[in-house]
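# Analysis of the macromolecular model
One-letter residues, chain by chain:
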Amino acid sequence: MHLYILLGFITVIVDSAAVDLNHGNLIRWHDCSKSVPKGTGSTSFNESMVDLTNLPSTLHCGTIDVPMDYSHPLSTNNTITLGLAMYRPECPKGAIFFNPGGTDPGVVVAWEVALNLTDMFSGLLDHDLLMIDVRGTYSSNPLNVSLQTLDSFFGPYPTTKVEFDAIKSASTAAIQSWIDNSSPPGIIEHVGTREVVQDYELVRQALGYERIHFLGDSHGSFRAAQYAATFPDHAGNFALDAIVPHGENFYDRAQDSIRVLNLEVFRIDAFCQNTPSCPFRKDGRGGVLTAFRKVLSLADKGELLIPSCVNNTECTAAVSPLDVRTGIQGSLLGVPDFSAIIDGLNKSLTGDGSFFASGPPNIQLAWAMPLLCNDYGVYQNDQTGVGLSLIWQLQLMCSSWPFPIPTQTRLQLPQKMLLVAADFDASTPVEWMSFVRETAPNSGLVVRHGDGHVSFQFVDQPSTNITKDFLRTGILPSARNDTQVTVYAPGVKFVGVEDPYLVPT
């Protein structure tokens, strides 16, 4: 099981009571050439290609000390340092905070903007743009988490008590190793959204802005929502893109995810029917689903192998049905490549299961577990079969989490916000948006017609331009309905997802 599949399932709940944040912290600005971030697979940034002698004046880099545990004052034994970066024009019209979600790097995005490596924020460059690496990652007191401790989690679901106890034992060992090896002592308990939103508030105070605007993508959407709920007087224009809800029960969220994953398979089939070179086109509608079932049958009979792993002691050659299901699921997250999926299925029909080979966990996935366990905890009353969903795998990973988890609470969001979703987003189904919208009565809704996770990254889409207009002006968009986007005014009922075969692929 791939941990990245689980990121969209996390419910982040924090106490919205007022918190005393008057710790008097100041940002320490420093020479950006002395703190160059490293690029990751999710960014276009390559540190080796940057001319450090000629960095743009708009790029500002800094650090800020914050309490590790906000229930106690800042002190020698209760301090961590966060890394941040900003794009800063000469006369900014305001400040936009950006959280890209999950454990995605934040600081590197400010570098990309300042170095003109991305046009994602074009039209917003008359604002201060603030990006932070969330605590526990990259330049913000990164946790010392071993990738080897995750190995036991990536396998079939346990079906016996012995198998369950083995995974719970692995969870105990992994969590304890992170507690023992990360510093300062106790940090593992304080890397959840409960702390992250307070970090953002300290940065707002340090910058001197009375109100901030916020773009939260995916996991960043519920961080943004929680900030707005916790500090409503300082919340300006907030846009939540690819929304993860607070307080929805796990069973409903799992059902929503199963539904959208099935729709995504139909989207692949629709793409195939519209692509003359697709090998399954001759089979008519449903050809991709038929091919997928044949691949599952090969795996079940032990006839699907990874050639490079045959006679190789470092990897397993046989591809299991679970590997096929999770492999397809993982390929549908983010921005799915339908052509690559079709090619992988077609090749698998010959017995070559290379498409379903997965590499070892990376550091982002390792960081994700303690961050998510802080927010998620263990669901104690699984009576509905939710164990058959991916959320259960995370429950197993967090089964030995020793720290208290904040009570689940549905957020009330009376502010005027912009909610953005896509018809077919395997990471964050539109139903999650609908759940949030029920308690955000003054918010507008933008539904991008098509596939992929986080609409803002599609710079040529109307949904992105609408989001930018709202961040700039705070004016909700007018209602519209066309082939690329549908816009709903506050209170207007969402009509539901379009037919997966009718929306252009």
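The preceding data block contains the structure.
In what follows, the accompanying structure is described. Only a predicted model underlies this, so the values are computations on that prediction, with no experimental measurement involved. (Residues numbered from 1 in each chain as written. Predicted model: local features only at pLDDT ≥ 70, side-chain atom pairs only at ≥ 80, totals over all residues. Heavy atoms only, no water.)

## Looking at the overall build of the protein chain
Worth spelling out the cut-off: The helix count covers DSSP runs of H or I at least four residues long, the strand count covers runs of E at least two residues long, and both are numbered beginning at the N terminus. Throughout, exposure labels follow a simple rule: accessible area from a 1.4 Å probe, protein chains only, divided by the maximum for the residue type, with under 20% read as buried, over 50% as exposed, and the rest as partly exposed. Contact definition: two residues touch when any of their heavy atoms are within 4.5 Å. Surface accessibility in these figures is a Shrake-Rupley result with a 1.4 Å probe; residues are shielded only by whichever protein chains are displayed.
Regarding its fold elements, the protein chain presents twelve helices and eleven strands. Looking at the protein chain as a whole, 57% of its 505 residues are labelled buried. Long-range contacts, defined as pairs at least 24 residues apart, comprise 78% of the intrachain contacts of the protein chain with a sequence gap of at least 6. For the protein chain, the accessible surface area stands at approximately 20900 Å², while carbon and sulfur atoms represent 51% of it.

## Things to note about the packing of aromatic side chains
Where we set the bar: Pairing of aromatic rings covers Phe, Tyr and Trp, the last through its six-membered ring, and needs centres within 6.5 Å; plane angles under 30 degrees mean stacked, over 60 mean edge-to-face, and all others mean tilted.
Applying the stated criterion across every chain yields a total of 15 aromatic pairs. With 5.2 Å between their ring centres and 75 degrees between their planes, Tyr200 and Phe214 make a pair best called edge-to-face. Of this pair, Tyr200 sits in helix α3 (residues 193–207) while Phe214 is found in strand β6 (residues 212–217), placing the two residues 14 residues apart along the sequence. An angle of 45 degrees between the planes, with centres 5.4 Å apart, marks the rings of Phe214 and Phe238 as tilted. Placement of Phe214 in strand β6 and of Phe238 in strand β7 (residues 235–241) is noted, with a sequence separation of 24 residues between them. Across this residue pair, the class does not change: Phe214 and Phe238 are buried.

## Notes on the sheet that holds strand β3 (residues 79–87)
Adjacent strands of a sheet pair through backbone hydrogen bonds, lying either parallel or antiparallel. The cut-off we apply is this: Here, strands pair whenever DSSP counts at least two bridges between them.
Read across the sheet, eleven strands follow the order β1-β2-β3-β5-β4-β6-β7-β8-β9-β11-β10 without closing on themselves; strand pairing throughout is mixed. In the strand order of this sheet, the two ends are held by β1 (28–30) and β10 (480–481), each with one partner. Inspection of the sheet shows β7 paired to strand β8 (residues 417–424) by four bridges, in the parallel sense. Each residue of the ladder has a partner; that of Phe238, found in β8, is Met417.

## Comments concerning the state of the cysteines
The criterion, for reference: Defined by distance alone, a disulfide is two cysteine sulfur atoms within 2.5 Å.
Considering all chains together, one arrives at three disulfides under this definition. A sulfur-sulfur distance of 2.1 Å marks the disulfide that ties Cys32 to Cys61. Taking the torsion about the S-S bond as the criterion, the Cys32 to Cys61 disulfide, at about 110 degrees, is right-handed. A residue pair is termed long-range when its members are at least 10 positions apart, and Cys32 in the loop between β1 and β2 (59–67) and Cys61 in strand β2 qualify at 29 residues. Of the two residues, Cys32 and Cys61, neither departs from the other in class, the shared state being buried. Note that Cys272 is cross-linked by a disulfide to Cys278, the S-S spacing being 1.9 Å. Taking the torsion about the S-S bond as the criterion, the Cys272 to Cys278 disulfide, at about -90 degrees, is left-handed. Relative accessible area serves as the criterion here: at 0%, Cys272 is assigned to the buried category.

## Comments concerning the nonpolar core
Test applied: Put simply, buried Ala, Val, Leu, Ile, Met, Phe, Trp, Tyr and Cys residues joined by side-chain atoms within 4.5 Å make one nonpolar core.
In this structure, Phe97, Leu130 and Val203 are the most contacted members of the largest nonpolar core, which totals 63 residues. Of the residues forming this core, the biggest block, six residues, is contributed by α3. Excluding residues that lie within four positions of it along the chain, Val203 makes contacts with Ile27, Ile64, Leu84, Phe97, Leu130 and Ile132. One finds Tyr87, Val109, Ala239 and Leu418 within the second-largest nonpolar core, a separate group that totals 35 residues.

## Section: empty space enclosed by the protein
The line we're drawing: A pocket here means an open set of points on a 1 Å grid, computed over the protein atoms alone, that has protein on both sides within 12 Å along at least five of seven lines. A cavity is instead a set of points where a 1.4 Å probe fits but cannot get out; residues with an atom within 4 Å of a point line either one. Grid points are joined across faces, edges and corners, and a volume is the space filled by probe spheres set on the points. Only Asp, Glu, Lys and Arg are considered charged, only Ala, Val, Leu, Ile, Met, Phe, Trp, Tyr, Cys and Pro nonpolar, and every remaining residue, Gly among them, polar.
A complete count under the given rule lists four cavities of 30 Å³ or more for this structure. For the largest cavity, the calculated volume is near 80 Å³. If you go around the largest cavity, you meet 13 residues; those closest to its centre are His246, Leu411, Leu413, Val436 and Thr439. When residues in the lining of the largest cavity are grouped by element, the largest group, three residues, is from helix α4 (residues 219–230). By residue class, the composition of the lining of the largest cavity is nine nonpolar, three polar and one charged. Approximately 50 Å³ is the volume attributed to the second largest cavity.

## Let's talk about the packing of helix α5 (residues 250–273) against helix α6 (residues 287–300)
The line we're drawing: Angles run from 0 to 180 degrees between N-to-C directions of axes, and those axes are lines fitted to C-alpha atoms, restricted for helices to the stretch in contact. An angle counts as roughly parallel when it lies under 35 degrees, as roughly antiparallel when it exceeds 145, as roughly perpendicular when it falls between 65 and 115, and as oblique in every other case.
Put simply, α5 and α6 touch, their axes get as near as 7 Å, and they point 120 degrees apart. Viewed along their axes, α5 and α6 adopt a mutual orientation that is oblique. Of the residues in α6, those touching α5 at Val265, Phe266, Ile268, Asp269 and Cys272 are Gly287, Val288 and Leu289. Partitioned by chemical class, the residues of the contact of α5 with α6 number six nonpolar, one polar and one charged.

## Section: the pairing of β2
Of all the nine residues making up β2, seven are buried; the element is thus mostly covered by neighbouring parts of the structure. Of the strand pairs in this sheet, β2 and β3 are connected by nine bridges, and their pairing is antiparallel. From the neighbouring strand, Cys61 faces β3, where its bridge partner is Ala85.

## Quick look at α3
Threshold: Expected span of a helix, by definition, is 1.5 Å for each gap between consecutive residues, and there is one gap fewer than residues.
In this model α3 runs 21 Å from its N-terminal to its C-terminal C-alpha over 15 residues, within 8% of the 21 Å that 1.5 Å per residue would give. Counted residue by residue, α3 has twelve buried out of 15 residues, so it is predominantly covered. Buried within α3 are the following residues: Thr193, Glu195, Val196, Val197, Gln198, Asp199, Tyr200, Glu201, Leu202, Val203, Arg204 and Leu207. Just downstream of α3 lies Gly208, where phi reads positive at about 85 degrees.

## Structural notes on the packing of α3 against α4
A packed helix pair is summarised by two numbers, namely the angle formed by the two axes and the spacing between the axes. Inclusion rule: Crossing handedness is read from the near helix: turned anticlockwise from the far helix by less than a right angle, it gives a left-handed crossing, and turned clockwise, a right-handed one.
Across the interface, α3 lies against α4 with an axial gap of 9 Å and an inter-helix angle of 65 degrees. Between α3 and α4, the interaxial angle falls into the category roughly perpendicular. In this structure, α3 crosses over α4, and the sense of that crossing is right-handed. In this structure, α3 contributes Thr193, Val196, Val197, Tyr200, Glu201 and Arg204 to the contact, and α4 contributes Phe222, Arg223, Gln226 and Tyr227. Split into classes, the residues belonging to the contact of α3 with α4 amount to five nonpolar, two polar and three charged.

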